[in-house]
Amino acid sequence: MREIIKDKAIVQDDWTVLRLTENETPDAVEVPAGKTIIPLKVWLLQRTALITRLQQQQDLAVWFSSDEAAQDLAEDASLFTLIAVDFPKFSDGRGYSIAYNLRSRLAYSGELRAIGDVLRDQLFFMQRVGFNAFATREDRSIQDALKGLTDFSDAYQTSWDQKNPLFRRVDRSVVSA
């Protein structure tokens, strides 16, 4: 089992991410037994066949590719205990919007995991938009990545985790001498 960061701690991960090969299509791929994170497209095309398994075993999760929208899962988001968002490369920031929308617009409250090209430099900002779990790149130190969650002591802007900007949180009253 590989290690991930979840809720600011390093833990063992017992989930497997299903990635389609060139020869596989979302409507025909066989979802393996066990805890599996499947592509959103697989869920959408095989929902009828997979929903009973999800409700009985809670061993399915979905992952979004960066070109999908949180709204694509709208009514089903609450069925999942885990939703993942894939970052195909470090410079692709579309996953931040997906996470923010899952948390703020769809009120998703389960585990929200970043997968793919996830590096220490991103973790603080990913956390701000709602991620609470991170499957960092395996060629990097997970202990070092964990430190990325505390790189900054505070944030200026609003986000999912802080509804007020810094200027509204600071007491600016003048003390008279």
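Attention here is on the structure that accompanies the text. (Residues numbered from 1 in each chain as written. Predicted model: local features only at pLDDT ≥ 70, side-chain atom pairs only at ≥ 80, totals over all residues. Heavy atoms only, no water.)

### Overview of the pairing of strand β7 (residues 111-116)
Counted residue by residue, β7 has five buried out of six residues, so it is predominantly covered. Here strand β6 (residues 82-87) runs beside β7; their pairing, made up of six bridges, is parallel. Within β7, the residue paired with alanine 84 across the bridge is arginine 113. In terms of handedness, the path from β6 via helix α2 (residues 94-104) over to β7 forms a crossover that is right-handed. By the bridge criterion, two bridges tie β7 to strand β8 (residues 133-134) in an arrangement that is parallel. Note on β8: the bridge partner recorded for alanine 114 is phenylalanine 134. (Buried < 20%, exposed > 50% of the residue type's maximum accessible area, 1.4 Å probe, protein only. Helix = DSSP H or I, 4+ residues; strand = E, 2+ residues; numbered from the N terminus. Pairing = 2+ DSSP bridges. Right-handed = clockwise from strand over helix to strand, strands pointing away.)

### Concerning the nonpolar core
Counting residues in hydrophobic clusters, the biggest one holds 37 residues, and the most contacted among them are Ile38, Trp43, Leu73, Ile83, Leu102, Met126 and Phe131. In terms of residue count, helix α1 (residues 40-57) provides more of this core than any other element does, six residues in total. In this structure, leucine 73 is in contact with Leu40, Trp43, Val62, Phe64, Phe80 and Ile83, ignoring residues within four places of it in sequence. (Core = buried A, V, L, I, M, F, W, Y, C linked by side-chain atoms within 4.5 Å. Contact = heavy atoms within 4.5 Å.)

### Here we look at the pattern of salt bridges
On inspection of all chains with the given rule, the structure shows 12 salt bridges. Notably, a salt bridge pairs arginine 19 with aspartate 86, separated by 3.0 Å at the nearest N-O pair. Of this pair, arginine 19 sits in the loop between β3 (16-17) and β4 (36-39) while aspartate 86 sits in strand β6, placing them 67 residues apart in sequence. Put simply, aspartate 92 and arginine 94 hold a salt bridge, and the shortest N to O gap is 2.8 Å. On the basis of relative accessible area, aspartate 92 is assigned to the buried category, the value being 9%. When salt bridges with common partners are traced through the structure, they connect Lys6, Asp13, Glu111 and Arg113 into a single cluster. (Salt bridge = Lys/Arg side-chain N within 4 Å of Asp/Glu carboxyl O.)

### A word on unusual backbone geometry
The phi dihedral of glutamine 58 is positive, around 50 degrees, even though this residue is not glycine. Within the secondary structure, glutamine 58 is located in the loop between α1 and β5 (60-64). Classification of glutamine 58 as partly exposed rests on a relative accessible area of 32%. Positive phi, normally seen in glycine, also occurs at alanine 107, with a value near 55 degrees. Within the secondary structure, alanine 107 is located in the loop between α2 and β7. Under the relative-accessibility criterion, alanine 107 is labelled exposed at 58%.

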